[in-house]
Amino acid sequence: ETTVRFATNEENKETFPQKVVETINTINSGTTPLYRAIGTPEMVGYNPLIPVQTLVTEDAATQVKKTDPVTVTLYVPNLVENLNNVQILYYNDETKKWEFMAPSAVDFATKQISVQLKGDTPFTVVYKNN
């Protein structure tokens, strides 16, 4: 059995390079536009709907971290019908870049988004301004 939770700030500091941790903190501060925090033009116009979280998946019995992909459903309180281009923005540890991924499901009525991610993946939900 697998347990799923979100990492603490300390765990992020232990897991990721300082630059990634700084980017997470900058995005979560809400004071810098996303494209500036990440430094790529394709992020222009996108805004986070939730703070960046890091998914941690562990074996329930041994608490050993796992990296197998797992599907999580998140409640996003400010997910409303007229939002455009709702995406998952995540840090790809293989490419060392922040990348977009389409959620597997978006339910505006229940304000829930489902996404499949590997353990130890920092991510947020974003949308694009019109």
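A quick note: this is a predicted structure, and the numbers were derived from the prediction, not measured. (Residues numbered from 1 in each chain as written. Predicted model: local features only at pLDDT ≥ 70, side-chain atom pairs only at ≥ 80, totals over all residues. Heavy atoms only, no water.)

1. Some words on the sheet that holds strand β8 (residues 105-107)
Okay, step 1: One open sheet holds the 3 strands; their spatial order is β5-β9-β8, and the pairing between them is antiparallel. A strand with exactly one partner marks an edge of an open sheet, and here the two such strands are β5 (70-75) and β8. On average, each strand axis in the sheet is inclined to that of its neighbour by 20°, with strand direction left out of account.
Okay, step 2: Two elements, β8 and strand β9 (residues 112-117), share 3 bridges in a ladder whose sense is antiparallel. When the bridges of β9 are listed, Val-106 appears paired with Ile-113. (Pairing = 2+ DSSP bridges. Helix = DSSP H or I, 4+ residues; strand = E, 2+ residues; numbered from the N terminus. Axes fitted to C-alpha atoms, helices over the stretch in contact; angles between N-to-C directions.)

2. Here we look at the confidence of the model for the chain
Okay, step 1: With 100% of its residues at a pLDDT of 70 or more, the chain shows a mean pLDDT of 93.
Okay, step 2: The secondary structure element of the chain with the lowest average pLDDT is strand β4 (residues 65-66), at 86, and the one with the highest is helix α2 (residues 18-29), at 96. (pLDDT = per-residue confidence, 0-100.)

3. Topic: the pattern of salt bridges
Okay, step 1: Scanning the entire structure with this criterion turns up 6 salt bridges.
Okay, step 2: Where Arg-5 meets Glu-11, a salt bridge forms, and the shortest distance between an N and an O atom there is 2.7 Å.
Okay, step 3: Taking relative accessible area as the criterion, Arg-5 reaches 30% and is therefore assigned partly exposed.
Okay, step 4: We classify Glu-11 as buried; its relative accessible area is 17%. (Salt bridge = Lys/Arg side-chain N within 4 Å of Asp/Glu carboxyl O. Buried < 20%, exposed > 50% of the residue type's maximum accessible area, 1.4 Å probe, protein only.)

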